[in-house]
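Below, each chain spelled out in residue letters.
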Amino acid sequence: MQPAAERVYELVKERIIDGTIDSTQMLSEAALAAEVGVSRTPAHEAFLRLELEGFLQLYPKRGALVVPISPQEIREVYEARLLVDAHSAEKICELGEAERGGIAKRLQENIAAQDAALDAEDLREYTRLDAQFHQIIMDSAGNSLLANVGYQLRERQQRFTATAIGRNVARARAFVDQHRVLADALRTANLPAYLSALRSHLKNSKDQL
């Protein structure tokens, strides 16, 4: 069983990422502790950890507020994603046809899962799969250090995606269509097409924030 502090941490972070908790809602350590069924001490530990990661701002004796997504955070995350994703695509396009085909197959399976999540109107699962799609690309480029940058950005990317699409399934499906273009460009080793589609994809997402 997970430690008590970890359970509170995971619950609150998940709600921040998927937008269940907004930046105007004061969070209570006592209320979260009661909800999870733990004492207040592990809830406090979880809140401190989330503050350290930049998700919460603590107010002694009052509670905590979610830190809003800032213009600087948006710029930094999208710049980092563009650099790592573009480099990863370049390396994948240098691979042989069979290897590229294997990567494209994994991406198509992910896209199918995205479609299924949207059919079920499960936007939380969709945002997880959206982040996973780009991580597959970063993991396939043969550079574990750069792939780890993707993992560091992953939760923020999921939060951005949830914010960008709101509760709009049609908007999410447009992003999935862009994923199809990206996957096909990698399969055919068409780097210029991939980079053009990637810039458009990231801009569309960024413009929704």
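A.B. asks: Even after reading the chapter, I still don't get the packing of helix H5 (residues 97-119) against helix H6 (residues 123-139), so can you show me in this structure?
C.D. replies: Look at H5 against H6: their axes get within 9 Å of each other, and the N-to-C directions meet at 170 degrees. Regarding the angle of H5 to H6, the classification is roughly antiparallel. On H6, the residues touching Arg106, Leu107, Asn110, Ile111, Ala113, Gln114, Ala117 and Leu118 of H5 are Leu123, Glu125, Tyr126, Leu129, Asp130, Gln132, Phe133, Ile136 and Ile137. Here the residues of the contact of H5 with H6 sort into 11 nonpolar, three polar and three charged.

A.B. asks: Where do I start with the side chain of Ser88 in this structure?
C.D. replies: Among the structural elements, Ser88 can be located in helix H4 (residues 71-93). Filtering out sequence-adjacent residues up to four positions away, Ser88 remains in contact with Ile137, Met138 and Ala141.

A.B. asks: It is not clear to me how H6 should be interpreted in this structure. Could you clarify?
C.D. replies: Side chains of residues three or four places apart in an α-helix project in the same direction, reflecting 3.6 residues per turn. For H6, with 17 residues, the first-to-last C-alpha span of 24 Å sits near the 24 Å given by 1.5 Å per residue. Burial analysis of H6 places 12 of its 17 residues in the buried class, the great majority of the element. The complete set of buried residues in H6 reads Leu123, Tyr126, Thr127, Leu129, Asp130, Ala131, Phe133, His134, Gln135, Ile136, Ile137 and Met138. The secondary structure elements touched by the buried residues of H6 are H4, H5, helix H7 (144-165), helix H8 (169-187) and helix H9 (191-207).

A.B. asks: What am I meant to see in the nonpolar core here?
C.D. replies: If you look at soluble globular proteins, the nonpolar side chains tend to sit buried side by side. Judged by nonpolar contacts, the single largest core of 35 residues is most densely connected at Leu107, Leu118, Tyr126, Ile137, Leu186 and Tyr194. Among the secondary structure elements, those contributing two or more residues to this core are H4, H5, H6, H7, H8 and H9. A total of eight residues in this core trace back to one element, the largest contributor, which is H8. The contacts of Tyr126, once residues within four sequence positions are left out, are Gln114, Ala117, Leu118, Thr161, Ile165, Ala172, Phe175 and Val176. Formed by 19 residues, the second largest nonpolar core is a distinct cluster that contains Tyr9, Leu27, Leu56 and Ala64.

A.B. asks: Looking at this structure, how should I read the side chain of Glu29?
C.D. replies: Locating Glu29 in the fold gives a position in helix H2 (residues 29-36). Classification of Glu29 by relative accessible area gives buried; the value is 14%. In contact with Glu29, other than residues within four places in its own chain, are Arg40, Ala43, His44 and Phe47.

A.B. asks: Is there a simple way to think about the packing of aromatic side chains in this case?
C.D. replies: To describe a pair of aromatic rings, one takes the distance between the centres and the angle between the planes. Within this structure, the stated rule accounts for one aromatic pair. Centre to centre, the rings of Tyr78 and Phe160 are 5.7 Å apart; their planes meet at 15 degrees, and the pair counts as stacked. Placement of Tyr78 in helix H4 and of Phe160 in helix H7 is noted, with a sequence separation of 82 residues between them. Assessed through its relative accessible area of 5%, Tyr78 is described here as buried.

A.B. asks: Even after reading the chapter, I still don't get the environment of Glu79, so can you show me in this structure?
C.D. replies: Mapped onto the elements of the fold, Glu79 is located in helix H4. Sequence separation between Glu79 and Leu202 is 123 residues; the distance between their C-alpha atoms is 9.5 Å.

A.B. asks: Would you mind going over the packing of helix H1 (residues 4-17) against helix H3 (residues 40-52) with me for this structure?
C.D. replies: Between two packed helices, what matters for the description is the angle formed by their axes and the separation of those axes. One can describe the packing of H1 onto H3 by two numbers: an axis separation of 8 Å at closest approach and a directional angle of 50 degrees. Accordingly, the angle class assigned to the pair H1 and H3 is oblique. For the pair H1 and H3, the crossing hand works out as right-handed. Contacts between H1 and H3 pair Ala4, Ala5, Glu6, Val8, Tyr9, Val12 and Lys13 from the former with Pro42, Ala43, Glu45, Ala46, Phe47, Arg49 and Leu50 from the latter. Taken together, the residues that form the contact of H1 with H3 break down as 10 nonpolar, no polar and four charged.

A.B. asks: Help me understand the environment of Asp115 in this model?
C.D. replies: With respect to the helices and strands, the residue Asp115 is situated in helix H5. Considered as a pair, Asp115 and Tyr126 are 11 residues apart in the sequence and their alpha carbons are 8.2 Å apart. Those residues in contact with Asp115 that sit more than four places away from it in its chain are Arg173, Val176 and Arg180.

Thresholds, definitions, all that
Residues numbered from 1 in each chain as written. Predicted model: local features only at pLDDT ≥ 70, side-chain atom pairs only at ≥ 80, totals over all residues. Heavy atoms only, no water. Axes fitted to C-alpha atoms, helices over the stretch in contact; angles between N-to-C directions. Helix = DSSP H or I, 4+ residues; strand = E, 2+ residues; numbered from the N terminus. Parallel < 35°, antiparallel > 145°, perpendicular 65-115°, else oblique. Contact = heavy atoms within 4.5 Å. Nonpolar A, V, L, I, M, F, W, Y, C, P; charged D, E, K, R; others polar. Expected span 1.5 Å × (residues − 1). Buried < 20%, exposed > 50% of the residue type's maximum accessible area, 1.4 Å probe, protein only. Core = buried A, V, L, I, M, F, W, Y, C linked by side-chain atoms within 4.5 Å. Phe/Tyr/Trp six-rings, centres within 6.5 Å; stacked < 30°, edge-to-face > 60°. Left-handed = near helix turned anticlockwise from the far one by under 90°.

Note that every value here comes from positions in space, so none of it alone points to a role or purpose.
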